[in-house]
Amino acid sequence: MAGVTPPQRERFGSKFGVIAAAAGSAVGLGNIWKFPYEVGNNGGGAFLVLYLGFVLLIGIPVMISELAIGRNGQKNAIGSFRAISPKRPWFLVGIIGVAAAFMIFAFYGSVAGWTLEYIFQSAKNGFEGKTPDQLGSMFDNFVENPMRPLMWQTIFIVLTASVVMAGVKKGIEKYTKILMPVLFLIILVLIVRSVTLPGAGAGLEFLFKPDFSKINASVILSALGQAFFSLSLGMGTIITYGSYIRKNDNLAVTAIQVSTADTVIAIMAGIAIFPAVFAFGINPSQGEGLVFVTIPNIFQQMPGGYVFSLLFFILLAVAALTSTISLLEVIVAYFSEEYKISRKKATIYSSIVILFIGTLCTLSKGGPLTDFTIFGKNIWGFLEFVSADILLPLGGLCIVIFVGFFMGRKRVREELTNAGSIKGRLIPVAMFLVRYIAPIGIALVFLNAIGLLKFG
Ligand code: TRP
């Protein structure tokens, strides 16, 4: 074997490219679709406070840990654990992660498909002149007749697969770098219109004035799950991307920048949505349709609404695409590296499985599988709950314990200080969060959720 050097692993080409790709993964439907409806379902401001606390004390340490594992292991989500700890079964954490990626992509692809329908509707001016009620039933009708949603979902999965096949640098980095900043600007425009609607104040109050009596065990679990989901943590996405990061990029700073960008966009989405929700008398806890009903209403009330609406849904689809790319990349990197099949084959086979599970999800939203339930939830609800609220935090728990206690101080230091070239006075703080605060925090939320422990 002497003299055979493995081909160079692909690398992100620039520092901004890394942040754009990781932020591209993090910023997606989780921020603009899921965050507002979770806030709406879970009572508003108090949920936001919990969410922010979890991002800071748990999300950022988990993200630093994932980056460190990936860059040190130089492999996919499973292979990196094996490379660092060949004798212990830590790679199982990666396997759970790959399973979670299939589950998340299944329902996520459905919602991503909705964004394509809304591009189409925007283009043909389909929201024109509709009342809030009519926009509501327009959404319901669309979702409950599954043929169109299935068509869009299929198109979306094919789109994702074609980018992933092209590879990391050419595919992922190129697009996110340009499109993320544009999305940010459009949300700003939406905010300006939303907060100047008559009656907008009630929405801001709902979002920012915490009513702590609304907090219970399930609200706490949802806030933690949302933090993991929105930051793309707990299933190896950031491990996989970490393996593509250059040796001289600062991991802790990257984690803080990505988390900040993600959180800012989620809050901005909230500021754009809730004033309008209250101004139009929409029910804030109506669930998955919230954004798809509210946003067209805002555009109706706006000069240039046609153009902005079209642009907004295009960018939402792109944001979703950069996230589904990262979900699929976890799966494809694993199968292509570990089983020595080509990137192309790995992409095609896994996309077929995703389309299959995704179809079941879509059919459970008002379609023929609506009444099929598992533990009282339909297929979609079950997969969303198990992946986001259980598997991701569980994966995160294992990840911080691994980095905190099993990866080896030397390796961890090497990654956090770039082999000694960064001073990093904050590293002890980061390590304290990784070793104690994050794991204890996640464990407490779980114990509370299953009723073994009671807060408040
Ligand atoms: N974070 C993305 C969003 O907010 C979704 C996502 C992409 C994700 N990759 C992930 C969620 C990995 C959990 C784990 O839309």
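Figured I'd write up the structure that's included with this text. (Residues numbered from 1 in each chain as written. Predicted model: local features only at pLDDT ≥ 70, side-chain atom pairs only at ≥ 80, totals over all residues. Heavy atoms only, no water.)

1. What about the overall build of the protein?
- Counting its secondary structure elements, the protein contains 18 helices and two strands.
- Radius of gyration (C-alpha) of the protein: 21 Å, near the 23 Å computed for a compact globule of 456 residues.
- Principal-axis analysis of the C-alpha atoms gives the protein an extent of 70 × 50 × 40 Å.
- Looking at the protein as a whole, 59% of its 456 residues are labelled buried.
- By sequence separation, contacts in the protein at least 24 residues apart represent 83% of the contacts at least 6 residues apart.
- About 18,100 Å² of surface is accessible on the protein, with carbon and sulfur atoms providing 68% of the total. (Helix = DSSP H or I, 4+ residues; strand = E, 2+ residues; numbered from the N terminus. Rg over C-alpha atoms; globule rule 2.2 N^0.38 Å. Buried < 20%, exposed > 50% of the residue type's maximum accessible area, 1.4 Å probe, protein only. Contact = heavy atoms within 4.5 Å. Areas by Shrake-Rupley, 256 points an atom, 1.4 Å probe, with all protein chains shown as cover.)

2. Here's the deal with the site of the ligand
- Lining the immediate surroundings of the ligand are 17 residues, of which Ala-26, Gly-30, Tyr-108, Phe-229 and Ser-232 lie closest.
- Ser-25 is positioned with one of its backbone polar atoms (N or O) 3.3 Å from a nitrogen atom of the ligand.
- Taking Leu-29, its main chain carries an N or O atom lying 3.1 Å from an oxygen atom of the ligand.
- For the ligand, the accessible surface in isolation is 360 Å², of which the surrounding protein chains cover 100%.
- If you map the ligand onto the pockets, it falls in the largest cavity.
- Its residues placed into classes, the shell around the ligand shows eight nonpolar, nine polar and no charged. (Near = heavy atom within 4 Å. Polar contact = N/O pair within 3.5 Å; in protein donor to acceptor, adjacent residues only side chain to side chain. 1 Å grid on protein atoms, 1.4 Å probe; cavity = no way out; pocket = protein on both sides within 12 Å on 5 of 7 lines; lining within 4 Å. Sits in = over half its atoms within 2 Å of the grid points. Nonpolar A, V, L, I, M, F, W, Y, C, P; charged D, E, K, R; others polar.)

3. Notes on helix 17 (residues 409–417)
- Regarding helix 17, the residues found buried are Val-412, Glu-415, Leu-416 and Thr-417.
- Contact partners of the buried residues in helix 17: helix 3 (45–73), helix 12 (251–279), helix 16 (379–406) and helix 18 (427–449).
- Taken from the residues just after helix 17, Asn-418 is the one with a positive phi, measuring 50 degrees.

4. Notes on the layout of surface pockets
- A volume near 370 Å³ is recorded for the second largest pocket.
- In terms of lining residues, the second largest pocket is bounded by 16 residues, among which Tyr-37, Glu-38, Lys-377, Phe-385 and Asp-389 are the most central.
- Within the residue set of the lining of the second largest pocket, elements represented by two or more residues are helix 2 (29–41), helix 10 (217–230) and helix 16.
- Per-element tally for the lining of the second largest pocket: the top contributor is helix 16, with five residues.
- Residues of the lining of the second largest pocket, tallied by class, amount to four nonpolar, six polar and six charged. (Points joined across faces, edges and corners; volume = space filled by probe spheres on them.)

5. Thoughts on empty space enclosed by the protein
- Taken as a whole, this structure holds five cavities of 30 Å³ or more when the rule is applied.
- In this structure, the largest cavity encloses a volume near 150 Å³.
- If you list the elements that add at least two residues to the lining of the largest cavity, you get helix 1 (15–26), helix 2, helix 5 (91–123), helix 10 and helix 14 (305–338).

6. Focus: the packing of aromatic side chains
- By the definition in use, this model includes 29 aromatic pairs.
- An aromatic cluster is present here, built from Phe-107, Tyr-108, Trp-114, Tyr-118, Phe-127, Phe-139, Phe-229, Phe-292, Phe-299, Phe-312, Phe-313 and Trp-380 joined pairwise through their rings.
- Above the ring of Phe-385, the side-chain terminus of Lys-377 is found at 4.7 Å from the ring centroid. (Phe/Tyr/Trp six-rings, centres within 6.5 Å; stacked < 30°, edge-to-face > 60°. Lys NZ or Arg CZ within 6 Å of the ring centre and 35° of its normal.)

7. Looking at the packing of helix 17 against helix 18
- As a packed pair, helix 17 and helix 18 sit with axes 12 Å apart at the nearest point and diverge in direction by 130 degrees. Taken together, the axes of helix 17 and helix 18 lie oblique to each other. When the axes of helix 17 and helix 18 are compared, the crossing they make is right-handed. From helix 17, Arg-409, Val-412, Leu-416 and Thr-417 reach across to helix 18, where they touch Ile-427, Met-431 and Arg-435.
- For the contact of helix 17 with helix 18, the residue count by class is four nonpolar, one polar and two charged. (Axes fitted to C-alpha atoms, helices over the stretch in contact; angles between N-to-C directions. Parallel < 35°, antiparallel > 145°, perpendicular 65-115°, else oblique. Left-handed = near helix turned anticlockwise from the far one by under 90°.)

8. So, the nonpolar core
- Formed by 152 residues in total, the largest nonpolar core has its most connected members in Ile-32, Trp-33, Phe-54, Ile-69, Trp-114, Phe-312 and Phe-313.
- Discounting residues that sit within four places of it in the chain, Phe-313 has contacts with Thr-115, Tyr-118, Ile-119, Ser-122, Phe-127, Phe-292, Ile-295 and Pro-296. (Core = buried A, V, L, I, M, F, W, Y, C linked by side-chain atoms within 4.5 Å.)

9. Quick word on the environment of Leu-397
- With respect to the secondary-structure elements, Leu-397 resides in helix 16.
- In this structure the C-alpha to C-alpha distance between Leu-397 and Ala-438, which are 41 residues apart in sequence, comes to 7.5 Å.
- Beyond its immediate stretch of four places on either side in the chain, Leu-397 contacts Pro-439 and Ile-442.

10. Focus: the pattern of salt bridges
- Scanning all chains against the criterion turns up 10 salt bridges.
- Note that Arg-148 is salt-bridged to Glu-117, the shortest N-O span being 2.9 Å. With Arg-148 in helix 7 (residues 147–166) and Glu-117 in helix 5, this residue pair connects regions lying 31 residues apart in the sequence.
- Using a relative accessible area of 4% as the deciding quantity, one classes Glu-117 as buried. (Salt bridge = Lys/Arg side-chain N within 4 Å of Asp/Glu carboxyl O.)

11. Digging into a nonpolar patch on the surface
- A surface patch of nonpolar side chains, amounting to about 1,100 Å² of accessible area, comprises Leu-56, Leu-57, Phe-405, Phe-406, Phe-432, Tyr-436, Ile-437, Ile-440, Leu-444, Leu-447, Ile-450 and Leu-452.
- Looking at the nonpolar patch, the elements with two or more residues in it are helix 3, helix 16 and helix 18.
- Looking at which element gives the most residues to the nonpolar patch, the answer is helix 18, with six residues.
- Mapping Ile-440 onto the fold places it in helix 18. (Patch = residues over 30% accessible without salt bridge, like charges linked within 9 Å, V, L, I, M, F, W, Y side chains within 5 Å.)

Nothing here speaks to function; it is geometry throughout.
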